[in-house]
Amino acid sequence: MGPKASDSIQARLEPGHPFFAVIEEAYRQFGRKKPNDLEVCECCMDPQTRREFFNHPIRDLPLHDLREWYFAAADPGWVSQPLWQYLLPRILEVLAAGEPVSEISVEISLSRHTTGDPALWSAAQWAVLDQFQRRFLERAMIPANPSAGRLAHLRLDDALCMFRLSGWPLLDLIAQVTAMPGLALAERLWHDWCGDFWPGYGAIALTSFWPAGDNTLVHDFYTSLALQERMEALVLAEDAAPLVAEHALAVMQVIADNR
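Residues numbered from 1 in each chain as written. Predicted model: local features only at pLDDT ≥ 70, side-chain atom pairs only at ≥ 80, totals over all residues. Heavy atoms only, no water.

J.: Pulling in residues and values, what's your account of the overall build of the chain?
T.: The secondary structure content of the chain amounts to eleven helices and zero strands. When the helices and strands of the chain are read in sequence order from the N terminus, they spell out α-α-α-α-α-α-α-α-α-α-α. Over its C-alpha trace the chain gives a radius of gyration of 20 Å, about what one expects of a compact globule, namely 18 Å for 259 residues. The C-alpha extent of the chain, read off along each of the three principal axes, is 60 × 40 × 35 Å. (Helix = DSSP H or I, 4+ residues; strand = E, 2+ residues; numbered from the N terminus. Rg over C-alpha atoms; globule rule 2.2 N^0.38 Å.)

J.: Explain the confidence of the model for the chain to me, and be specific about the residues and the numbers.
T.: Per-residue confidence for the chain averages 92 on the pLDDT scale, and 95% of its residues sit at or above 70. The low-confidence segment residues 1-7, where pLDDT is below 50, has 14 contacts with residues more than four positions distant or belonging to other chains. (pLDDT = per-residue confidence, 0-100. Contact = heavy atoms within 4.5 Å.)

J.: Could you give an account of the environment of Leu38, naming the residues involved and the relevant values?
T.: You can see Leu38 is positioned in the loop between helix H1 (20-30) and helix H2 (47-52). A sequence separation of 78 residues divides Leu38 from Gly116, and the C-alpha atoms of the two residues are 22 Å apart. Every residue in contact with Leu38, bar those within four places of it in the chain, is listed here: Met45, Arg50, Phe53, Phe54, Trp69 and Leu83.

J.: How would you explain the packing of aromatic side chains if you had to name every residue and give the values?
T.: Centre distance and the angle of the planes are the two values used to describe a pair of aromatic rings. Summed over all chains, the structure comprises twelve aromatic pairs. Ring geometry for Phe53 versus Phe54: centroids 5.4 Å apart, planes at 85°, classification edge-to-face. Phe54 matches Phe53 in its accessibility class, with the two residues each being buried. Among the aromatic side chains, those forming a connected cluster through ring pairs are Phe19, Trp126, Phe132, Phe136, Phe163 and Trp168. The ring of Tyr27 is capped by Arg59, whose NZ or CZ atom sits 4.2 Å from the centre of that ring. (Phe/Tyr/Trp six-rings, centres within 6.5 Å; stacked < 30°, edge-to-face > 60°. Buried < 20%, exposed > 50% of the residue type's maximum accessible area, 1.4 Å probe, protein only. Lys NZ or Arg CZ within 6 Å of the ring centre and 35° of its normal.)

J.: Pulling in residues and values, what's your account of helix H7 (residues 170-178)?
T.: Looking at H7, one finds that the buried residues are Leu170, Leu173, Ile174, Gln176 and Val177. Axial view of H7: buried residues confined to an arc of 155°, hence all on one face. (Arc of directions from axis to C-beta.)

J.: Describe the nonpolar core, with residues and values.
T.: In terms of nonpolar packing, the biggest core is built from 77 residues, with Trp69, Leu110 and Phe136 touching the most fellow members. Considering every element that reaches this core, the biggest residue donor is helix H4 (residues 81-96), with ten residues. (Core = buried A, V, L, I, M, F, W, Y, C linked by side-chain atoms within 4.5 Å.)

J.: I'd like to hear about the packing of helix H5 (residues 123-140) against helix H6 (residues 156-164), residue by residue, with values.
T.: The N-to-C vectors of H5 and H6 enclose an angle of 165°; their axes lie 9 Å apart at closest approach. In terms of orientation, H5 lies roughly antiparallel with respect to H6. In the packing of H5 onto H6, the handedness of the crossing is right-handed. Residues Phe132, Gln133, Phe136, Leu137 and Ala140 of H5 form the contact with H6, whose own contacting residues are Leu156, Ala159, Leu160, Met162 and Phe163. (Axes fitted to C-alpha atoms, helices over the stretch in contact; angles between N-to-C directions. Parallel < 35°, antiparallel > 145°, perpendicular 65-115°, else oblique. Left-handed = near helix turned anticlockwise from the far one by under 90°.)

J.: Summarise the side chain of Arg112; cite the residues concerned and give the values.
T.: The residue Arg112 is located in the loop between H4 and H5 in this model. Here Arg112 is buried and forms no salt bridge, its nearest opposite-charge partner Glu39 lying at an N-O distance of 9.0 Å. One polar contact links the side chain of Arg112 to the main-chain carbonyl oxygen of Trp69, over a distance of 2.9 Å. Those residues in contact with Arg112 that lie beyond four places of it in its chain are Val40, Trp69, Tyr70, Ala72, Ala73, Ala74, Gly77, Trp78, Val79 and Trp84. (Lys, Arg positive; Asp, Glu negative; His and termini not counted. Salt bridge = Lys/Arg side-chain N within 4 Å of Asp/Glu carboxyl O. Polar contact = N/O pair within 3.5 Å; in protein donor to acceptor, adjacent residues only side chain to side chain.)

J.: Give me the lowdown on empty space enclosed by the protein, citing residues and values where you can.
T.: Here the structure, examined in full by the defined rule, presents two cavities of 30 Å³ or more. Lining the largest cavity are Phe136, Arg139, Ala140, Ile142, Ala144, Asn145, Ala148, Leu151, Ala152, Leu154 and Arg188. The residue makeup of the lining of the largest cavity, split by class, is eight nonpolar, one polar and two charged. (1 Å grid on protein atoms, 1.4 Å probe; cavity = no way out; pocket = protein on both sides within 12 Å on 5 of 7 lines; lining within 4 Å. Points joined across faces, edges and corners; volume = space filled by probe spheres on them. Nonpolar A, V, L, I, M, F, W, Y, C, P; charged D, E, K, R; others polar.)

J.: With reference to specific residues and values, describe the environment of Trp84.
T.: Inspection of the secondary structure assignment puts Trp84 in helix H4. Residues in contact with Trp84, not counting those within four places in the same chain, are Trp69, Tyr70, Val79, Ile91, Ser109, Leu110, Arg112, His113, Thr115 and Trp121. Within the structure, Trp84 has its side chain in polar contact with the side chain of Thr115 (distance 3.0 Å).

J.: Outline unusual backbone geometry, listing residues and values.
T.: Here Ala11, not a glycine, exhibits a phi torsion of approximately 55°, which is positive. Considering the arrangement of structural elements, one finds Ala11 in the segment before H1. According to the relative accessible area criterion, Ala11 is buried, its value standing at 14%.

J.: A description of the pattern of salt bridges should follow, citing residues and the corresponding values.
T.: Enumeration according to the criterion identifies 13 salt bridges in this entry. Close ionic contact of Arg12 with Asp60 constitutes a salt bridge, the shortest N to O distance being 3.1 Å. Separated by 48 residues along the polypeptide, Arg12 in the segment before H1 and Asp60 in the loop between H2 and helix H3 (63-71) bring together distant segments of the chain. Relative accessible area serves as the criterion here: at 32%, Arg12 is assigned to the partly exposed category. Three or more residues are tied together by salt bridges with common partners; here these are Arg12, Asp60, Arg90 and Glu93.

Written out as structure tokens, the structure reads:
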């Protein structure tokens with residue numbers, strides 16, 4: 001990625017931010033002594049960044065340095081739990097601040113260790129991770145959410161895949177989406193399928209990062225009769241606003257065309 005352009009830390013949360021409390025708890029629960037090894041390819045990182053990486057307190061790790069670490073290859077693609085635990089609070093803070101930790105893809109943000117397995121964490125640590133995951137997915141349901149920063153463009157499918165790649169059970173993630181209010185779901189899917197990303201109707205776009213098998217399950221959910229019926233209920237509601245009904249009808253058509 002080349003030499004750093006700035007030493008500014010960037011992507012820090014201030015009191016009042018919706019994720020501030022959970023990130024503060026993350027720093028408390030995941031705090032540990034600094035590791036000795038970055039566990040990534042030496043030739044993939046700027047030498048100065050590599051030498052200075054652990055010179056910063058984890059709260060003050062510059063976003064540039066973290067992105068350099070993500071740019072470097074890890075063999076076999078995973079890192080140890082001690083290193084991941086050390087980095088995780090800063091990674092969560094960057095995502096909460098609406099910044100990608102990797103310029104390659106948002107989907108791989110949490111995939112260098114199995115983050116979504118409660119058996120790997122203490123009860124207090126898992127409470128942080130569970131709360132972060134649920135809040136992040138709720139935020140991703142709102143297109144152009146002001147608190148989402150550069151991640152305001154994130155599609156629902158991308159957010160689901162990000163958590164799935166780090167070990168959260170896919171059916172649990174789908175259940176969370178299913179429990180979302182129908183109106184919010186209609187607006188999110190209309191934006192992803194019919195709005196800025198895909199002019200015109202008829203495009204369910206699955207991220208290429210879905211593992212084999214998961215992509216089929218996700219597509220089945222997106223084209224399910226149950227989801228189509230929820231959209232139909234919005235269309236037929238007597239008090240439905242015209243724009244809501246229009247968007248729900250468009251999503252219904254996408255579902256029907258792609259089943």
